[in-house]
Amino acid sequence: MEKQQLNEMLRKLHEELEQVESVDDATVSVLSTLREDIQHLLSGKGTGTPEEQEPISERLGEAIDHFEADHPKLGMAIQHVLDSLAKMGL
């Protein structure tokens, strides 16, 4: 997958995140972290050092678990991004 396609997927995920309405403290924390990760990836800085790559993947995995039940569409979007990053070797 090209970086341009990843950027488009990340933008769509960001739009999905903006539409989440029911937020508790845990959801606010997950959303905040995801937004930071997405902004970092979209900035063109990549995923950073190998030490930084694992936490991003872990946070995306945790976000999938968090949103899976109440926001399945968002969970699927996050999974697509995670899969794409893995295919790119990131």
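Look a little higher up for the structure.
Here's a quick rundown of the structure. Bear in mind the structure is a predicted one, so any value in this text is a computation, not a measurement. Within each chain, residues carry numbers counting from 1 in the order of the written sequence. Residue-level local features of this predicted model are given only where pLDDT is at least 70; pairs of side-chain atoms are given and counted only at 80 or more, and the full residue set underlies all totals for whole chains, interfaces and linings. The side-chain values count all of the structure's non-hydrogen atoms but skip hydrogen atoms and water molecules.

1. What to know about the side chain of Asp37
Structurally, Asp37 can be placed in helix α2 (residues 25-45). Throughout, a contact is declared for two residues whenever any of their heavy atoms are within 4.5 Å. With sequence-adjacent residues up to four places away left out, Asp37 is seen in contact with Ile56 and Arg59. Strands are runs of DSSP state E lasting at least two residues, helices are runs of H or I lasting at least four, and both sets are numbered from the N terminus onward.

2. A closer look at the environment of Glu18
As for its position among the elements, Glu18 is in helix α1 (residues 3-18). Buried residues are those whose accessible area, probed at 1.4 Å on protein chains only, stays under 20% of the maximum for their type, while exposed residues exceed 50% and partly exposed ones sit between those limits. Residue classification places Glu18 among the partly exposed residues on the basis of a relative accessible area of 46%. Sequence spacing of Glu18 and Leu31 is 13 residues, and the spatial spacing of their C-alpha atoms is 8.8 Å.

3. Things to note about the environment of Leu10
Within the secondary structure layout, Leu10 lies in helix α1. It is 6.4 Å that separates the C-alpha atoms of Leu10 and Ile38, two residues lying 28 residues apart in sequence.

4. A closer look at empty space enclosed by the protein
Only protein atoms enter the 1 Å grid used here. Points where a 1.4 Å probe fits but cannot escape make up a cavity, open sets with protein on both sides within 12 Å along at least five of seven lines make up a pocket, and a residue lines them when an atom lies within 4 Å of a point. Grid points are joined across faces, edges and corners, and a volume is the space filled by probe spheres set on the points. Enumeration over the complete set of coordinates arrives at one cavity of 30 Å³ or more. Space inside the largest cavity adds up to approximately 40 Å³. Considering the residues around the largest cavity, the lining is formed by Leu10, Leu13, Leu34, Asp37, Ile38, Leu41, Ile56, Leu60 and Val81. Elements with a contribution of two residues or more to the lining of the largest cavity: α1, α2 and α3 (50-67). A total of four residues in the lining of the largest cavity trace back to one element, the largest contributor, which is α2. For the lining of the largest cavity, the residue count by class is eight nonpolar, no polar and one charged. All amino acids are sorted into three groups, where Ala, Val, Leu, Ile, Met, Phe, Trp, Tyr, Cys and Pro are nonpolar, Asp, Glu, Lys and Arg are charged, and the leftover types, Gly among them, are polar.

5. Points about the packing of α1 against helix α4 (residues 72-87)
Helix packing geometry: the angle between the two helix axes and the distance between the axes. Axis definition: a line fitted to C-alpha atoms, over the contacting stretch in the case of helices. Angles run 0 to 180 degrees between N-to-C directions. Viewed as axis vectors pointing N to C, α1 and α4 meet at an angle of 155°, and their least axial separation amounts to 10 Å. The angle between α1 and α4 falls in the class roughly antiparallel. In terms of crossing hand, the pair formed by α1 and α4 is left-handed. Between α1 and α4, the contacting residues are Leu6, Met9, Leu10, Leu13, Glu16 and Leu17 on the first element and Lys73, Leu74, Ala77, Ile78, His80, Val81, Ser84 and Leu85 on the second. Per-class residue counts for the contact of α1 with α4 are ten nonpolar, two polar and two charged. Working definition: roughly parallel below 35 degrees, roughly antiparallel above 145 degrees, roughly perpendicular at 65 to 115 degrees, and oblique for all remaining angles. When the near helix sits turned anticlockwise from the far one by under a right angle, the crossing is termed left-handed; a clockwise turn instead gives a right-handed crossing.

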